[in-house]
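Breakdown of the fold
Below, each chain spelled out in residue letters.
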Amino acid sequence: MDTLFITRENLAALTADLLASGTHVAAPTRASDAQTEYRYVTDFAQVRLDGSMPRRSLKELFLPPTEPLLRWRQHQGDVELQEVPTSFPPTVVLGARPCDAAAVDVLDRVMGWDYRDELWFGRRAATTVISLACPGVDDLCFCSAVGGSPESTRGADLLLTPVTDGYHVTVVTDKGRSLLSAHPSRFGALPASGPLPAGPRIPAPGPLPLGQIRTWLESNFDHPLWHEVALRCHGCGACASVCPTCHCFDIVDEPEGVDRGTRRRNWDTCQTSVFTLHASGHNPRHDQGARFRQRLMHKFSIYPDKFGEVLCTGCGRCARACPAGQDIVELLGRIGALAAGNGHEKVEA
Amino acid sequence: MNLYQPHLVRVTDVVDETADTRTLRLQFKDPSVAESFDFRAGQFGEYSAFGAGECTFCIASPPTRKGYIECTFKAVGKATNALRGLGVGDTMGFRGPYGNHFPLDRMEGASLVFIAGGIGLAPVRCVIWNVLDQRDRYGDVTIVYGARSVGDLVYKHELEDWAARTDVRLWQTVDPGGQTPDWHGEIGFVPAIVEKAAPTADNAYAVVCGPPIMIKFTLPVLAKLGFPPERVYTTLENRMKCGLGKCGRCNVGPVYVCKDGPVFSAAELAQLPAEF
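So, here's what we can say about the structure. (Residues numbered from 1 in each chain as written. Chains lettered and ligands numbered in written order. Predicted model: local features only at pLDDT ≥ 70, side-chain atom pairs only at ≥ 80, totals over all residues. Heavy atoms only, no water.)

Things to note about the sheet that holds strand 11 (residues 260–267) of chain A
Residue and element names in this part refer to chain A. Strand order in this open sheet of four strands is 5-4-11-10, and the pairing throughout is antiparallel. Single-partner strands in this sheet number two, and they are strand 5 (78–83) and strand 10 (249–255). Neighbouring strand axes in the sheet, compared pairwise and without regard to direction, differ in orientation by 25° on average. The sheet contact formed by strand 10 and strand 11 spans seven bridges and is antiparallel. By the bridge assignment, Pro255 is partnered in strand 11 with Gly261. Where helix 3 (residues 118–126) meets the sheet, it contacts strand 4 (66–75) and strand 11, and its direction lies at approximately 125° from that of strand 4. (Pairing = 2+ DSSP bridges. Helix = DSSP H or I, 4+ residues; strand = E, 2+ residues; numbered from the N terminus. Axes fitted to C-alpha atoms, helices over the stretch in contact; angles between N-to-C directions. Contact = heavy atoms within 4.5 Å.)

Regarding the sheet that holds strand 12 (residues 232–235) of chain B
Residues and elements named next belong to chain B. As summarised here, the arrangement of the seven strands in space is 10-9-8-7-11-12-15, forming an open sheet in which the pairing is mixed. Edge positions in the sheet fall to strand 10 (186–187) and strand 15 (263–265), since each has one partner strand and no second. Examined bridge by bridge, strand 8 (residues 141–147) and strand 9 (residues 169–174) share six bridges and lie parallel to one another. Within strand 9, the position partnered with Ile143 by the bridge is Leu170. Across the sheet, helix 4 (residues 121–132) touches strand 7 (111–117), strand 8, strand 11 (204–209) and strand 12, and the angle it forms with strand 7 is around 155°.

Section: empty space enclosed by the protein
Which parts of space are left empty comes out when a probe the size of a water molecule is rolled across the atoms. All names here are of chain A. Summed over the entire model, instances satisfying the criterion amount to six cavities of 30 Å³ or more. When residues of the lining of the largest cavity are traced back to their parent elements, those giving at least two are helix 7 (238–242), helix 8 (288–307) and helix 10 (328–340). For the lining of the largest cavity, the leading source of residues is helix 8, giving three residues. In terms of residue class, the lining of the largest cavity is made up of twelve nonpolar, five polar and three charged. (1 Å grid on protein atoms, 1.4 Å probe; cavity = no way out; pocket = protein on both sides within 12 Å on 5 of 7 lines; lining within 4 Å. Points joined across faces, edges and corners; volume = space filled by probe spheres on them. Nonpolar A, V, L, I, M, F, W, Y, C, P; charged D, E, K, R; others polar.)

Here we look at the layout of surface pockets
Residue and element names in this part refer to chain A. In this structure, the second largest pocket encloses a volume near 410 Å³. Every residue lining the second largest pocket is counted, 33 residues in all, and those nearest its centre are Cys143, Ser144, Gly148, Ser149 and Thr313. A class-by-class count of the residues in the lining of the second largest pocket yields 19 nonpolar, eight polar and six charged.

Observations concerning the interface of chain A and chain B
Quite often, the size of an interface is put as the accessible area lost when its parts meet. At the interface, 49 residues of chain A touch 42 residues of chain B. Here chain A meets chain B over a buried area of about 3900 Å², counting both sides, of which 54% is carbon and sulfur. At the junction of chain A and chain B, the tally comes to seven salt bridges. For the pair chain A and chain B, the interface holds 26 residue pairs in polar contact (both at pLDDT 80 or more). Considering each element in turn, the side of chain A that touches chain B owes the most residues, eight residues, to helix 8 of chain A. Per-class residue counts for the side of chain A that touches chain B are 24 nonpolar, eleven polar and 14 charged. (Buried area = accessible area lost by both parts, 1.4 Å probe. Salt bridge = Lys/Arg side-chain N within 4 Å of Asp/Glu carboxyl O. Polar contact = N/O pair within 3.5 Å; in protein donor to acceptor, adjacent residues only side chain to side chain.)

A few points about the nonpolar core
Core analysis: the largest hydrophobic core is formed by 72 residues, its most contacted members being Phe300 and Ile335 of chain A together with Tyr4 of chain B. Apart from the residues lying within four places of it in its own chain, the contact partners of Tyr4 of chain B are Leu69, Leu70, Asp117, Leu119, Phe249, Ile251 and Arg265 of chain A together with Arg95, Cys242, Leu244 and Lys246 of chain B. Formed by 61 residues, the second largest nonpolar core is a distinct cluster that contains Phe73, Leu83, Leu86 and Ile143 of chain B. (Core = buried A, V, L, I, M, F, W, Y, C linked by side-chain atoms within 4.5 Å. Buried < 20%, exposed > 50% of the residue type's maximum accessible area, 1.4 Å probe, protein only.)

Notes on helix 10 of chain A
All names here are of chain A. For helix 10, which comprises 13 residues, the first-to-last C-alpha distance of 18 Å matches the rise-based estimate of 18 Å (1.5 Å per residue) to within 8%. Of the positions making up helix 10, those classed as buried are Ile328, Leu331, Leu332, Arg334, Ile335, Gly336, Leu338 and Ala339. Tucked into the core, helix 10 has its buried residues touching helix 5 (210–219), helix 6 (224–230), helix 8 and helix 9 (317–321). If you check the start of helix 10, you find a side-chain oxygen 2.9 Å away from the backbone N of Val329, and it comes from Asp327. (Expected span 1.5 Å × (residues − 1).)

This is how it looks when you write it as structure tokens:
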């Protein structure tokens, strides 16, 4: 992979070039002193590249919290459907978290198996992702425990690594190279002084025993652990909402007046009781333990089974968002210990 | 066209099966779709009344009858009540077919036992007519169908057709107390009637669909009659939204019911956690 250099001034100029050419630019922005969010920007001054963690993940740029699937209009007993476009304006994400960029690549698997979700892939095709190597956020980060890294290029087209006077630019994909070629004056060769070290890193946790965890999950469906962890789960779904890989959705019709409306897809979560509730009243996942178990199993058993990798990139947002203080790494650690000890760790039933 | 865009279909016939259960016959409005549409017995679709949303039903008519599809549903919620509000000539949405199907190729030459309870006859009826439309390809056909009461039996005219045929053995039953004075069928629960009908398990397959409690007590009867679990099939009715393996709603253990199912053998079901 080629490595070039861009100064902070040139990154600002590149952003201005992109915006001037009609390209949408999304980046971490300051929502408040304490909160960062990915948002579309109109000026480089809004871009926050200080390493603070956006509260929600990058997935909403590709799978919006709500989006139209079609529009209908009725007249005299007949129905006319209006399709929604599946091509999207060119977009650049500036400063994606490596865990967030990787998550988008992980989700390509489910969005593309057999049936191809054109809304997802339309946005993917239109978007160039520039990741920013991560200095680490806090001790709830665990990308390195699930196969990622703070410098991961997965899901990125370009990777920026902060150095004293600017950023090293690693070219990852042809799409990234195209962006460079379109703006050659903004990029330069590496300074003769070579790479400059970034600041101190937060230590990264070692790998979790994902194979053992998966085996344990597959053979402990009725383990008392699920009841115990669910006792402090509100079923609010905050974890799924902020998660970069949780992708469950609902499809609903929203009438707009008497003769027309929009069919939309909205984010949903397996943590609510209505998620699986049958019309008959039967609910296959009848308690919070079953729902909590489903989220863990989808991430660490079902997705690996279908697509060969876990549905988690270790961003730690679920643990930061949980009002009851659930910590997924702590829980996976417990499951790892149960797996290693053949399930003899004491669990309060 | 995005995956979630339905075809427009026109209601061409409405049959009230019971007080709350209705069958709609649907024709594709686009002639090229009507021409090319094909499916296999056991597949399902997403049916929608615009403004009320989509719901998931099997295709209840057989693929051997071209030019239309049918769905049979009970009006229990917002979407099904909106569908119930449609009449002949009205337009609604359909997307599909989705999912796997019953292994009718493998069943050729074998005897077949169809066991259904209540509205569970809908997916089984699709297979029954598929088989009866190609009658010479299959051995003995036995149908055991039950409902809570005489009034809850669906496809009553077709039950009469099947009863009149010499190449079908039909056992109809209602739960004790559900009979009327002129009821000539059996009185008792479906599993007991299956035991009484005692279809041969020799070179035979069973297709079972109905309430979970009926399936639960029917499977041991089939085992006792000698049906190995690999030759007993059912179809799961998990809640779904997309039907395409994306929305994450229909997982049962490792399977996506919409893609890996909805048709499963009893042997496959035994491998799944009890989450359906």
